[in-house]
Amino acid sequence: MIVWLSFQELFEEINTIIKEGEMKIDGENIKLEFFSWRRLQAINAMILYNSRWDMSKPEDYYWADEMKRTLQDVRTCCKKKKKKDNFDCIFFDCIVTLLNIRIENVRVDELHLLLRVTGRWFEKNMITNTVQWDTRDDKNKNSSDPKWLHLKALVKAINECGISFTFWQKLDGTGKKTSAYDSRSLVGEEKKKLLQRLPEKFDKVYSARKHGF
């Protein structure tokens with residue numbers, strides 16, 4: 001591995017400190033504990049193994065000695081080529097190969113998790129479902145009837161959250177509107193606002209037909 005070859009002495013020194021669990025500073029031994037932050041794939045490596053996504057089990061069920069994952073366990077999985085066998089551990093390879101940090105001390109990157117969750121919930125589900133809803137409702141409307149009522153209500157609700165959000169239909173080669181759509185992407189702070197403020201406005205969005213937005 002290129003990273004290991006380039007910084008081998010550094011990683012070996014860090015691993016020695018991790019193993020010893022302490023460092024002498026000004027003549028005093030200071031206890032140390034190491035943590036690492038990883039992206040969402042690191043969590044996949046932990047939850048996919050042995051059906052750890054099953055929320056019906058008690059909170060400490062998968063931390064039992066016979067169930068919990070270990071550093072060596074993940075390293076073994078990393079060597080397996082097929083995804084169904086390595087449980088996404090291949091994404092874990094960098095951290096477990098270079099640094100001997102305990103699995104329970106690996107933390108997910110909260111910003112990355114936030115972006116993934118809101119991306120799936122908002123962009124993939126809410127917008128797509130709202131567009132499909134309006135498409136069905138607008139199918140038999142007259143040309144003079146208002147259209148995209150639910151989508152307009154959603155955009156209005158998002159704007160009321162203090163977020164500048166726009167939505168538009170894509171045009172074809174002749175300049176005519178198509179059934180495809182696009183919208184402005186939201187950044188991290190905007191997505192936080194969305195999670196905090198939008199749910200309380202759902203009534204307005206889903207009663208758009210009644211209010212005539």
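Residues numbered from 1 in each chain as written. Predicted model: local features only at pLDDT ≥ 70, side-chain atom pairs only at ≥ 80, totals over all residues. Heavy atoms only, no water.

Take the overall build of the protein next. When you go through the protein residue by residue, the secondary structure sums to 11 helices and 6 strands. Counting the 213 residues in the protein, one finds 32% classified as buried. If you take every contact in the protein between residues at least 6 apart in sequence, the share linking residues at least 24 apart comes to 56%. Looking at the protein as shown, the accessible area adds up to about 14,500 Å², and 53% of this sits on carbon and sulfur atoms. (Helix = DSSP H or I, 4+ residues; strand = E, 2+ residues; numbered from the N terminus. Buried < 20%, exposed > 50% of the residue type's maximum accessible area, 1.4 Å probe, protein only. Contact = heavy atoms within 4.5 Å. Areas by Shrake-Rupley, 256 points an atom, 1.4 Å probe, with all protein chains shown as cover.)

Bringing the nonpolar core into the picture now. Within the largest apolar cluster, 18 residues are counted, with the highest numbers of intra-cluster contacts made by Phe122, Ile127, Leu154, Ile158, Phe165, Leu194 and Leu198. Within the residue set of this core, elements represented by two or more residues are helix H7 (110–138) and helix H8 (149–160). For this core, the element with the highest residue contribution is H8, accounting for 5 residues. If we ignore the near neighbours within four places in the chain, the residues touching phenylalanine 122 are Ile127, Ile158, Phe165, Leu186 and Leu194. Core analysis: the second largest hydrophobic core is formed by 5 residues, Ile18, Leu98, Leu99 and Ile101 among them. (Core = buried A, V, L, I, M, F, W, Y, C linked by side-chain atoms within 4.5 Å.)

If you trace the backbone, histidine 112 turns up in helix H7. The sequence separation of histidine 112 and glycine 188 amounts to 76 residues, and the corresponding C-alpha distance is 9.1 Å.

Peptide bonds are trans in most cases, and residues, glycine excluded, mostly fall at negative phi. Notably, aspartate 26 is not glycine yet its phi reads approximately 50 degrees, a positive angle. On the secondary structure map, aspartate 26 appears in the loop between strand E1 (22–25) and strand E2 (28–31). Although it is not a glycine, tryptophan 148 adopts a positive phi angle of roughly 55 degrees. Along the chain, tryptophan 148 turns up in the loop between H7 and H8.

Looking now at H7. Taking 1.5 Å of rise per residue, 29 residues should cover 42 Å, and H7 covers 39 Å from first to last C-alpha, within 8% of that figure. The complete set of buried residues in H7 reads His112, Leu114, Thr118, Gly119, Phe122, Met126, Ile127, Thr130, Val131, Asp134 and Asp138. (Expected span 1.5 Å × (residues − 1).)

Another point: the layout of surface pockets. Here the second largest pocket defines a volume of roughly 150 Å³. Forming the walls of the second largest pocket are Val131, Asp134, Thr135, Asp138, Lys139, Lys147, Trp148, Gln169 and Ser179. Considering each element in turn, the lining of the second largest pocket owes the most residues, 4 residues, to H7. In the lining of the second largest pocket, the residues fall into 2 nonpolar, 3 polar and 4 charged. (1 Å grid on protein atoms, 1.4 Å probe; cavity = no way out; pocket = protein on both sides within 12 Å on 5 of 7 lines; lining within 4 Å. Points joined across faces, edges and corners; volume = space filled by probe spheres on them. Nonpolar A, V, L, I, M, F, W, Y, C, P; charged D, E, K, R; others polar.)

Quick look at the packing of H7 against helix H9 (residues 188–197) now. As a packed pair, H7 and H9 sit with axes 10 Å apart at the nearest point and diverge in direction by 60 degrees. Accordingly, the angle class assigned to the pair H7 and H9 is oblique. Seen from above, H7 lies across H9 with left-handed handedness. Contact residues: H7 offers Leu114, Leu115, Thr118, Gly119, Trp121, Phe122 and Glu123, while H9 offers Gly188, Lys191, Lys192, Leu194 and Leu195. For the contact of H7 with H9, the residue count by class is 6 nonpolar, 3 polar and 3 charged. (Axes fitted to C-alpha atoms, helices over the stretch in contact; angles between N-to-C directions. Parallel < 35°, antiparallel > 145°, perpendicular 65-115°, else oblique. Left-handed = near helix turned anticlockwise from the far one by under 90°.)

Turning next to the pattern of salt bridges. Under the criterion given, the structure shown has 6 salt bridges. A salt bridge links aspartate 138 to lysine 141, with the nearest nitrogen and oxygen atoms 3.1 Å apart. Relative accessible area serves as the criterion here: at 11%, aspartate 138 is assigned to the buried category. A relative accessible area of 26% means that lysine 141 is categorised as partly exposed. Its salt-bridge partner being arginine 184, residue glutamate 190 comes within 2.7 Å of it at the nearest N-O pair. Residue classification places glutamate 190 among the buried positions, given a relative accessible area of 16%. For arginine 184, a relative accessible area of 29% corresponds to the partly exposed category. One connected set of salt bridges, linked through shared partners, spans Lys156, Glu160 and Lys201. (Salt bridge = Lys/Arg side-chain N within 4 Å of Asp/Glu carboxyl O.)

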